[in-house]
Amino acid sequence: MSGAHSERAHAKLSASGSKRWMSCTPSAQLEEDFPDQTSDFAREGTFAHELSELFLQLHVGQITKATFTRRLNKMKKDEFYSQEMEDYVQVYVDLVIERINEAKAKSGDAIVLLEQRLDFSEWVPEGFGTGDVVIISGDSIEVIDLKYGKGVPVSAEGNTQMRLYALGAINQFGILYEFENVLMTIVQPRLDSISTDEVLADDLLNWADEYVKPKAQMATNGEGEFEAGEHCRFCKVRFTCRARAEANLEMAKHEFQKASLLSHDEIGDILLQATELQKWAKDVQDYALDQAEKHGAKFPGWKLVEGRSNRKYTDENQVLEKLKQYYPVESVTKTALLTLSTLEKTIGKKQVQDFVGDLIIKPAGKPTLVVESDKRPELSSDAAAIADFS
């Protein structure tokens with residue numbers, strides 16, 4: 001690989017977070033006190049990028065077929081690899097190859113760069129990022145980005161991350177080439193989405209000077225007003241941000257006309273607001289649970305208890321073998337062994353307990369926050385348990 005994707009450096013004012021720090025300039029400084037977060041989804045995306053890079057390295061001649069085969073076989077042993085992923089990645093690879101061929105048809109000396117570090121620090125202090133693919137052809141330059149996730153549709157139209165990458169490319173190669181057109185393409189194969197935004201290089205540079213540079217300076221200095229919105233989705237301080245809380249609480253004070261029934265217009269408005277309210281409430285709930293369970297935090301009116309759990313078989317094959325001694329197989333199975341509750345309704349609770357009770361367990365429930373009036377006993381947090389042990 002040309003570089004370990006998981007070890008990519010990240011700027012304080014990153015391109016990926018640009019929509020956020022441009023919309024809510026003080027958030028960048030506030031986020032510095034919070035650790036970076038990762039997830040299985042992020043690691044899966046990183047692996048998909050590495051897989052796509054491998055195919056493209058072979059196509060552009062950076063590696064031999066033997067090296068490609070050896071590396072691919074190694075990657076196939078990774079927990080994130082699947083044939084489905086390779087198929088999706090191939091959609092992206094095919095698109096990139098198509099754009100490469102178009103560029104070469106336009107200009108015989110077209111240049112293709114993979115995993116190119118792009119420096120846009122002329123407009124954003126210490127600003128840089130990594131472009132998945134950069135194609136230079138005559139007076140045109142294109143930046144292509146793979147988005148492997150399927151949860152949030154992302155368009156290239158007006159996309160600030162892609163625009164910053166394009167600025168970085170112009171900044172680095174503008175000395176050698178006189179660019180007129182800039183193309184920015186995002187491929188989301190799992191959403192069957194390919195979008196391209198095309199702007200004039202001069203317009204992009206004007207946007208950078210007149211909009212990006214002032215916003216970046218404000219973000220660096222922690223200046224400006226907090227502004228809640230869709231850009232809060234991946235902010236590190238979204239759980240406890242006061243501006244976001246105030247915006248959502250204000251949203252909840254929906255003022256209605258005094259008619260006895262809500263109008264369709266009012267219901268439509270409420271539905272739009274409820275979506276954002278639900279996201280905010282879920283973020284706060286997740287944060288409170290994490291703090292209570294792992295750090296011993298106490299929230300007035302709430303306590304940490306063991307969540308509810310369902311009984312389950314320890315070994316379905318053993319359960320089935322035992323039951324076959326007393327019942328026809330078709331009476332305790334459909335396409336598979338009947339669920340525990342269905343089995344009890346079919347042959348009786350006492351029979352289930354007598355015949356396979358030793359193969360049934362009730363695992364501990366996951367910790368959860370409930371109101372203090374809940375009858376379940378309070379649990380000690382992980383932090384409290386460690387302190388008691390010490």
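Residues numbered from 1 in each chain as written. Predicted model: local features only at pLDDT ≥ 70, side-chain atom pairs only at ≥ 80, totals over all residues. Heavy atoms only, no water.

Draft legend 1. Main features of the overall build of the chain. Scanning the chain from terminus to terminus reveals 14 helices and 9 strands. Here the C-alpha coordinates of the chain stretch approximately 85 × 65 × 60 Å along the principal axes. Residues counted as buried form 41% of the 390 residues belonging to the chain. Counting contacts in the chain only where the partners sit at least 6 residues apart, residues at least 24 apart contribute 71% of the total. Total accessible area on the chain is roughly 22900 Å²; 51% of this is exposed by carbon and sulfur atoms. (Helix = DSSP H or I, 4+ residues; strand = E, 2+ residues; numbered from the N terminus. Buried < 20%, exposed > 50% of the residue type's maximum accessible area, 1.4 Å probe, protein only. Contact = heavy atoms within 4.5 Å. Areas by Shrake-Rupley, 256 points an atom, 1.4 Å probe, with all protein chains shown as cover.)

Draft legend 2. Quick look at the side chain of Asp197. Secondary-structure assignment places Asp197 in strand 5 (residues 193-200). Engagement of the side chain of Asp197 in a polar contact is seen with the backbone nitrogen of Gly158, the distance being 3.0 Å. Other than its neighbours up to four places away in sequence, Asp197 contacts Ala156, Glu157, Gly158, Arg163, Val182, Leu183 and Met184. (Polar contact = N/O pair within 3.5 Å; in protein donor to acceptor, adjacent residues only side chain to side chain.)

Draft legend 3. Geometry of helix 3 (residues 40-60). The terminal C-alpha atoms of helix 3 lie 30 Å apart, and with 21 residues this matches the ideal 30 Å at 1.5 Å per residue to within 8%. Following helix 3 by one or two positions, Gly61 has its phi on the positive side, about 85 degrees. (Expected span 1.5 Å × (residues − 1).)

Draft legend 4. Here's a closer look at the nonpolar core. One finds Trp21, Val124, Leu164 and Val182 to be the most contacted residues of the largest nonpolar core, which totals 35 residues. Residue assignment for this core shows that the elements contributing at least two residues are helix 1 (18-23), strand 1 (111-119), strand 2 (128-137), strand 3 (140-146), helix 6 (160-173), strand 4 (181-188) and helix 7 (201-221). Broken down by element, the residue count for this core peaks at 8 residues, all from helix 6. Those residues in contact with Val124 that sit more than four places away from it in its chain are Leu13, Trp21, Leu164, Val212 and Ala216. Formed by 30 residues, the second largest nonpolar core is a distinct cluster that contains Phe47, Leu54, Phe80 and Tyr81. (Core = buried A, V, L, I, M, F, W, Y, C linked by side-chain atoms within 4.5 Å.)

Honestly, it's all geometry; don't read function into it.
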